[in-house]
Amino acid sequence: MSQSPAGRFAPSPSADLHIGNVRTAVLAWLFARSTGRRFLVRVEDLDDRTFADVAQRQLADLAAVGLTWDEPPQYQTAHEARYLAVVDDLTERGLTFECFCSRKDILQAPRAPHAPEGAYPGTCRDLSDDERARRRSEGRPPAIRLRSDTTEYTVTDLLHGTYTGVVDDFVLRRGDNVPAYNLAVVVDDAAQGVDQVVRGDDLLSSSPRQAYLAALLGYSQPVYAHVPLVLNADGKRLAKRDGAVTVSEIGAESAMAQIAASLGYRATTVDGMLAEFDPARLPREPWIFHASRRE
Ligand code: GLU
């Protein structure tokens, strides 16, 4: 692919962006711009497809704090055929299997003594043809899982160094035919020329699965930077109930002033921060945000 390299911010339109999401977006922009990359915004609306108004507000908030992007934002719901074609290719290569398990089945399945926690226990991986036919006839549409030939994979992260994490037989296509996040993100990053992935460190543990899938598909590995999350005063993920946390509640200028302070920058505009940006000096600890009470 002859596109110039890009970084990106890829929000799910499930709720308005809070100051922590915006801080991650600002960092993604700084990483991209400071390395001469294009910057893209992608709306990851496969699971939140009824929230077009939320997506619009998210884009407006990103623009309000001064972020710029180089192409119109792409919406994942516009590309479902692209993801499903990749599932079909993997299936033709013998790299998938149908899985009939419910969440409960997976939680209750016996697991091997050294199986990594949270990993798929392999229940449907080797069903016989008869058993598969019987399960199909019960009417529960199967999910499609990757037939992974490893249990772990190593990625390189600019903040975390070398990180090795679990790769299991993760879902590629859900039973309701919706492409899974881990598939869509990998396919889109490759399709859009994204070779730098900056996002919250809650997704660090997903990166080995994604990088492994990228390798299977012949895509090059992106450089990762998983940045610390913003937490509330109790050390929990920042959320609506914490008070005024969204850009519209805080105000774009005040939000940027607080983000700049949390990163140790004097400048409070994105261009000013770009002049001061040094990835080696980024805080490695979560930022504790004290929301002001709503009226
Ligand atoms: N859409 C994901 C989220 O909002 C982020 C995906 C990514 O950056 O890879 O949590």
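Fair warning: this is a prediction, and the values are worked out from it, not measured in the lab. Within each chain, residue numbers correspond to sequence positions counted from 1 in written order. Reporting of local features is limited, given that this is a predicted model, to residues whose pLDDT is at least 70; pairs of side-chain atoms are given and counted only at 80 or more, and all residues count toward the totals for whole chains, interfaces and linings. As a rule here, side-chain values come from all non-hydrogen atoms in the structure, and water together with hydrogens is ignored.

Participant: I tried to follow the overall build of the protein chain on my own but got confused; where do I start?
Facilitator: To qualify as a helix, a DSSP run of H or I must reach at least 4 residues; to qualify as a strand, a run of E must reach at least 2; elements of each kind are numbered from the N terminus. Helix and strand counts for the protein chain stand at 10 helices and 12 strands. The globule rule used here is 2.2 Å times the number of residues to the 0.38 power, and the radius of gyration it is set against is calculated over C-alpha atoms. Its C-alpha atoms give the protein chain a radius of gyration of 20 Å, near enough to 19 Å, the size a compact globule of 295 residues would have. Each residue gets one of three labels from its accessible area relative to the maximum for its type: buried under 20%, exposed over 50%, partly exposed in between, using a 1.4 Å probe on protein chains only. For the protein chain, with 295 residues in total, the buried portion stands at 50%. Two residues qualify as a contact provided that any one of their heavy atoms is within 4.5 Å of a heavy atom in the partner residue. Partitioning the contacts of the protein chain with sequence separation of at least 6, the portion at a separation of at least 24 is 77%. To be clear on the numbers: accessible area is Shrake-Rupley with a 1.4 Å probe, and residue cover counts the displayed protein chains and nothing else. Per element, the accessible surface of the protein chain, about 14,200 Å² overall, is 50% carbon and sulfur. The charged-residue count follows a simple rule in which Lys and Arg add positive charge and Asp and Glu add negative charge, with His and chain termini not counted at all. Note on charges: their place is set at NZ of Lys, CZ of Arg, CG of Asp or CD of Glu. For the protein chain, the separation between the mean place of its 34 positive charges and that of its 41 negative charges on side chains is 2 Å.

Participant: What exactly am I supposed to notice about the pairing of strand S2 (residues 38–43) here?
Facilitator: Successive side chains on a regular strand alternate, one facing one side of the sheet and the next facing the other. Buried residues dominate S2, accounting for 6 of its 6 residues. As paired elements, S2 and strand S3 (residues 74–75) share 2 bridges and run parallel to each other. Its bridge partner being in S3, Arg42 is matched across the sheet by Gln74. Taking the sense of rotation as the criterion, the β-α-β connection linking S2, helix H2 (residues 52–64) and S3 turns out right-handed. Strands are treated as partners if at least two bridges between them are detected by DSSP. For the handedness criterion, the strands are oriented away from the viewer, and a crossover whose path from the first strand over the helix to the second runs clockwise is classed as right-handed.

Participant: Help me understand the pairing of strand S1 (residues 6–9) in this model?
Facilitator: Because side chains alternate across S1, one face comprises the buried residues Ala6 and Arg8, and the other comprises Gly7 and Phe9, equally buried. Taken together, S1, helix H1 (residues 19–34) and S2 constitute a β-α-β crossover, and its handedness is right-handed. In this structure, S1 lies alongside strand S9 (residues 194–200), joined through 3 bridges in parallel fashion. Following the sheet pairing, Gly7 is matched in S9 by Gln196.

Participant: What's the story with the site of the ligand in this structure? I'm lost.
Facilitator: The local shell around the ligand consists of Arg8, Ala10, Pro11, Ser12, Glu44, Tyr181, Val185, Arg199 and Leu203. At a separation of 2.9 Å, a nitrogen atom of the ligand approaches a polar side-chain atom of Ser12. Taking Arg199, its side chain carries an N or O atom lying 2.8 Å from an oxygen atom of the ligand. Here the ligand loses 77% of its free accessible area of 300 Å² to cover by the protein chains. Polar here means any residue outside two lists: the nonpolar Ala, Val, Leu, Ile, Met, Phe, Trp, Tyr, Cys and Pro, and the charged Asp, Glu, Lys and Arg; Gly therefore counts as polar. Among the residues making up the shell around the ligand, the classes are represented as 5 nonpolar, 1 polar and 3 charged. Residues are labelled near a given molecule or strand when at least one of their non-hydrogen atoms is within 4 Å of it. Between N or O atoms, a polar contact is any pair within 3.5 Å; within protein, one atom must be a potential hydrogen donor and the other a potential acceptor, and residues adjacent in sequence are included only when both atoms are from side chains.

Participant: I would appreciate a short explanation of the environment of Pro5 in the present structure.
Facilitator: For Pro5, the position within the fold is in the segment before S1. In sequence terms Pro5 and Ile250 are 245 residues apart; their C-alpha atoms lie 33 Å from each other. Look past the residues within four positions of Pro5 in its chain and what remains in contact with it is Arg37, Arg38, Gly193 and Asp195.

Participant: Looking at this model, I keep getting lost on helix H3 (residues 80–92). Mind explaining?
Facilitator: Three or four residues apart is the spacing at which side chains of an α-helix point the same way, because the helix has 3.6 residues per turn. Along its 13 residues, H3 runs 19 Å from first to last C-alpha, staying within 8% of the 18 Å computed at 1.5 Å per residue. Turning to H3, its buried residues are Glu80, Tyr83, Leu84, Val86, Val87 and Leu90. The buried residues of H3 occupy an angular sector of 150 degrees when projected down its axis, which confines them to one face. Turned more than 90 degrees from where H3 packs its buried face, Ala81 and Glu92 sit exposed. Two residues or fewer past H3, Gly94 is found with a positive phi of approximately 75 degrees. The span expected for a helix works out to 1.5 Å for each residue beyond the first. Starting at the helix axis, one direction is taken to each C-beta atom, and the arc is that of these directions.

Participant: What is the right way to read the side chain of Arg8 from this model?
Facilitator: Along the chain, the position of Arg8 falls in strand S1. Contacts of Arg8, omitting those with residues within four sequence positions, involve Ala28, Phe39, Leu40, Arg42, Val185, Asp189, Val194, Gln196, Val197, Val198 and Arg199.

Participant: Would you mind showing me how to read the layout of surface pockets here?
Facilitator: With a probe scaled to a water molecule rolled over the atoms, the places where space remains empty come into view. In this structure, the second largest pocket spans a volume of roughly 330 Å³. Every residue lining the second largest pocket is counted, 19 residues in all, and those nearest its centre are Asp189, Ala190, Val194, Tyr219 and Ser220. Sorting the residues of the lining of the second largest pocket by element identifies helix H6 (181–191), S9 and helix H7 (207–216) as the ones contributing at least two each. Considering every element that reaches the lining of the second largest pocket, the biggest residue donor is H6, with 4 residues. For the lining of the second largest pocket, the class distribution of residues is 12 nonpolar, 5 polar and 2 charged. Residues are called lining when one of their atoms sits within 4 Å of a cavity or pocket point, these points coming from a 1 Å grid over the protein atoms alone, where a cavity is a set in which a 1.4 Å probe fits but cannot get out and a pocket is an open set with protein on both sides within 12 Å along at least five of seven lines. Grid points are joined across faces, edges and corners, and a volume is the space filled by probe spheres set on the points.

Participant: Help me understand the packing of H6 against H7 in this model?
Facilitator: Two numbers describe a pair of packed helices, the interaxial angle and the distance between the axes. To get an axis, a line is fitted to the C-alpha atoms, and for a helix only the part in contact is used. The angle between two axes follows their N-to-C directions and goes from 0 to 180 degrees. At their nearest, the axes of H6 and H7 sit 9 Å apart, and the two run at 55 degrees to each other. On the basis of their axis angle, the class for H6 and H7 is oblique. Like other packed secondary-structure pairs, H6 and H7 cross with a definite hand, here right-handed. Between H6 and H7, the contacting residues are Tyr181, Asn182, Leu183, Val185 and Val186 on the first element and Arg209, Gln210, Leu213 and Ala214 on the second. When the residues that make up the contact of H6 with H7 are grouped by side-chain class, the tally is 6 nonpolar, 2 polar and 1 charged. Each angle is binned into one of four classes, with values under 35 degrees roughly parallel, values over 145 roughly antiparallel, values of 65 to 115 roughly perpendicular, and all other values oblique. Each crossing gets its hand from how the near helix is turned against the far one by less than a right angle, where anticlockwise is left-handed and clockwise is right-handed.

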